[in-house]
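# Structural features, examined
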Amino acid sequence: MQVALRDVHDSDLPVFFRQLNDPEALHMAAFTPRDPADWDAFEARWKQQRSSADVVARTVLVDGDVVGNAAVYGEPGEREVTYWIDRTHWGRGIATAALGALLAEVQERPLYARAAADNEGSLRVLTKCGFRASARATGYANARGEEIDEVVLTLDA
Ligand SMILES: CC(C)(COP(=O)(O)OP(=O)(O)OC[C@H]1O[C@@H](n2cnc3c(N)ncnc32)[C@H](O)[C@@H]1OP(=O)(O)O)[C@@H](O)C(=O)NCCC(=O)NCCS
């Protein structure tokens, strides 16, 4: 299995949209767009991200197939990582490999991440890539319809 990153192509967006709208993935990620099924809002967000100098967005490929996305975004000094993998590919080490590749490409530090406190998969991916829990917070999770705990993690130099 070969995991690779490349720039996002227009043709990836319908794939990302389908991956985003998986109910199990939405519940897990918790801090999701208010209406993930709104294609126009989704497309507008991606258009803004792809044109922003503050965003490094990558498509995750496995053996040439589009399986998800990973990105660094935010203001300098407060930049965060995020990623999303198609549920049919979970548990194969893809998120860990994709985040590792992104961290090799984006060398600025510190970098931050946020995950729902019960998102064990994401917390494990981040820990394996060197992030350490640095704070806890609560926030409104659209996919849960309530405030939940989240963990802030930091990757130092
Ligand atoms: C979280 C997510 C990215 C993990 O992707 P993945 O490719 O399955 O992750 P990996 O295969 O690299 O797994 C890395 C580790 O996490 C563990 N893990 C993965 N999913 C898990 C789960 N649901 N519960 C517990 N552990 C889990 C794996 O066992 C592995 O640990 P190990 O190496 O000690 O065995 C994926 O489930 C996903 O896209 N979820 C929806 C979106 C999301 O939550 N994004 C992150 C927002 S903060």
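Summary of the structure given here. (Residues numbered from 1 in each chain as written. Predicted model: local features only at pLDDT ≥ 70, side-chain atom pairs only at ≥ 80, totals over all residues. Heavy atoms only, no water.)

## A look at the side chain of glutamate 150
Considering the arrangement of structural elements, one finds glutamate 150 in strand E7 (residues 146-155). Classification of glutamate 150 by relative accessible area gives buried; the value is 7%. (Helix = DSSP H or I, 4+ residues; strand = E, 2+ residues; numbered from the N terminus. Buried < 20%, exposed > 50% of the residue type's maximum accessible area, 1.4 Å probe, protein only.)

## Things to note about the side chain of glutamate 80
For glutamate 80, the location among the structural elements is in strand E4 (residues 80-85). Setting aside its immediate chain neighbours within four residues, glutamate 80 contacts Ala71, Val72, Tyr73, Tyr112 and Arg114. (Contact = heavy atoms within 4.5 Å.)

## Observations concerning the site of the ligand
Surveying the vicinity of the ligand reveals 21 residues, the closest of which are Gly91, Gly93, Thr96, Arg124 and Lys128. For the ligand, a nitrogen atom lies 2.9 Å from a polar atom in the backbone of tyrosine 83. Interatomic distance of 2.9 Å between a side-chain N/O atom of asparagine 119 and an oxygen atom of the ligand. Burial of the ligand by the protein chains amounts to 76% of its free accessible area of 930 Å². For the shell around the ligand, the elements supplying multiple residues, two or more each, are helix H2 (23-29), E4, helix H4 (94-105) and helix H5 (120-128). For the shell around the ligand, the element with the highest residue contribution is H5, accounting for 6 residues. Its residues placed into classes, the shell around the ligand shows 10 nonpolar, 6 polar and 5 charged. (Near = heavy atom within 4 Å. Polar contact = N/O pair within 3.5 Å; in protein donor to acceptor, adjacent residues only side chain to side chain. Areas by Shrake-Rupley, 256 points an atom, 1.4 Å probe, with all protein chains shown as cover. Nonpolar A, V, L, I, M, F, W, Y, C, P; charged D, E, K, R; others polar.)

## So, the nonpolar core
Val81, Leu99, Leu103, Leu126 and Phe131 are the most contacted members of the largest nonpolar core, which totals 27 residues. Contributions of two or more residues to this core are made by strand E2 (56-62), strand E3 (65-73), E4, H4, strand E5 (111-116), H5 and E7. Of the residues forming this core, the biggest block, 6 residues, is contributed by H4. (Core = buried A, V, L, I, M, F, W, Y, C linked by side-chain atoms within 4.5 Å.)

## Examining the pattern of salt bridges
Summed over all chains, the structure comprises 11 salt bridges. Taking the shortest distance from any N to any O, the salt bridge between aspartate 22 and arginine 87 comes out at 2.8 Å. Placement of aspartate 22 in the loop between helix H1 (13-20) and H2 and of arginine 87 in the loop between E4 and H4 is noted, with a sequence separation of 65 residues between them. Among the residues examined, arginine 87 registers a relative accessible area of 36% and is labelled partly exposed. Where salt bridges share partners, they join Asp7, Arg58 and Glu105 into one cluster. (Salt bridge = Lys/Arg side-chain N within 4 Å of Asp/Glu carboxyl O.)

## Looking at the environment of alanine 141
Looking at the element boundaries, alanine 141 is found in strand E6 (residues 132-141). Given the relative accessible area of 0%, alanine 141 is considered buried. Separated by 131 residues in the primary sequence, alanine 141 and aspartate 10 place their C-alpha atoms 28 Å from one another.

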